[in-house]
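# Observations on the three-dimensional arrangement
This is what each chain is made of:
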Amino acid sequence: MADPSGWSGASVRFVLASHEGAWEVMPYVDDVPLTELVTAYEGARSFDVVGGYDRAILADLGDAQRFLGRERPWPAPSVSLLDCDCGFPGCWPLRARIRRSAGRVVWDRFEQPHRPRRDYTDFGPFVFDGGQYRRAIDEAVGDQGSAHGGEPV
């Protein structure tokens, strides 16, 4: 549905899977895995290490709250959207700020904490309709339980 203000945002989707006793989630932006988007960005800038990302590893389904901008046990200034392809959380994360504003969800201020001098200014921001974003989380979590709490986006 078109926004009367002329705003045209991105669509988001989350694919949740159980793997070796852990939950993993892959974010998609406009049907493209976030791993592909960031790898292309890093490659175009000839970063010393390009890519190496994989699905975000969740401690449990409740950890899906990170995609609402809430990381447990306390809110953090940035959230891991992707983890390392080695499967170890925190080894090589792609982090971003997630904020909610005027019915929209925004991913911006991307960073690779192990390479703090990298400039991700031109990566994003990705702006999503808040309702579509919440539905994407609900669809990913499905009947697995109330992983995201009851707060509106």
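Below is a short write-up of the structure. Bear in mind that the values here come from a model prediction, so they are computed numbers and not experimental data. (Residues numbered from 1 in each chain as written. Predicted model: local features only at pLDDT ≥ 70, side-chain atom pairs only at ≥ 80, totals over all residues. Heavy atoms only, no water.)

Another point: the environment of Gly90. Mapped onto the secondary structure, Gly90 falls in the loop between strand E6 (79-84) and strand E7 (94-101). Exposure remark for Gly90: the relative accessible area of 40% places this residue in the partly exposed category. Each C-alpha atom of the pair Gly90 and Ala56 lies 9.6 Å from the other, and the pair is 34 residues apart in sequence. Non-local contacts of Gly90, meaning those with residues more than four positions away in its chain, are made with Asp83 and His114. (Helix = DSSP H or I, 4+ residues; strand = E, 2+ residues; numbered from the N terminus. Buried < 20%, exposed > 50% of the residue type's maximum accessible area, 1.4 Å probe, protein only. Contact = heavy atoms within 4.5 Å.)

Here we take up the pairing of strand E2 (residues 22-29). When you tally the buried positions in E2, you get six out of eight residues, the bulk of the element. As judged from the eight bridges shared by strand E1 (residues 12-19) and E2, these two strands associate in the antiparallel manner. In the strand pairing of E2, Val12 is matched with Val29. Between E1 and the antiparallel strand that follows it, E2, lie two residues; Glu20 among them carries a positive phi value of about 50 degrees. (Pairing = 2+ DSSP bridges.)

This part covers helix H2 (residues 130-141). In this model, H2 (twelve residues) spans 17 Å end to end at C-alpha, consistent with the 16 Å of a helix rising 1.5 Å per residue. Of all the residues in H2, the buried ones are Gly130, Tyr133, Arg134, Ala136, Ile137, Ala140 and Val141. The buried residues of H2 occupy one face: seen down the axis, they fall within an arc of 155 degrees. Those residues of H2 hidden inside the fold are in contact with E1, E7, strand E8 (104-111) and strand E9 (126-129). Downstream of H2 by one or two residues, Gly142 has phi in the positive range, about 55 degrees. (Expected span 1.5 Å × (residues − 1). Arc of directions from axis to C-beta.)

Across the junction of Gly124 and Pro125, the peptide omega takes the value 0 degrees, indicating a cis bond. Checked against the element boundaries, Pro125 lands in the loop between E8 and E9. Even without being glycine, Arg109 reaches a positive phi, approximately 50 degrees. With respect to the helices and strands, Arg109 occurs in strand E8.

The next subject is the nonpolar core. Within the largest apolar cluster, 37 residues are counted, with the highest numbers of intra-cluster contacts made by Phe14, Trp107 and Tyr133. At five residues, H2 tops the list of elements feeding residues into this core. Not counting chain neighbours up to four residues away, the residues in contact with Phe14 comprise Val25, Met26, Pro27, Phe67, Trp107, Tyr133, Ala136, Ile137 and Ala140. (Core = buried A, V, L, I, M, F, W, Y, C linked by side-chain atoms within 4.5 Å.)

Moving on, we get to the pairing of E6. For E6, a buried count of six out of six residues is recorded, marking the element as mostly surrounded by other parts of the structure. Summarising the sheet, strand E4 (residues 53-54) and E6 pair through two bridges and their orientation is antiparallel. The residue of E6 that forms the bridge with Asp54 is Asp83. Sheet topology note: the E6/E7 ladder contains three bridges and is antiparallel.

A separate point is the packing of aromatic side chains. With the rule as written, the count across this model stands at 13 aromatic pairs. Centre to centre, the rings of Tyr41 and Tyr120 are 5.7 Å apart; their planes meet at 20 degrees, and the pair counts as stacked. With Tyr41 in helix H1 (residues 34-44) and Tyr120 in the loop between E8 and E9, this pair connects stretches of sequence that are 79 residues apart. Take Tyr41: its relative accessible area is 7%, and that puts it in the buried class. Plain terms: the ring middles of Trp107 and Phe128 are 4.9 Å apart, the flat faces sit at 70 degrees to each other, and that makes the pair edge-to-face. (Phe/Tyr/Trp six-rings, centres within 6.5 Å; stacked < 30°, edge-to-face > 60°.)

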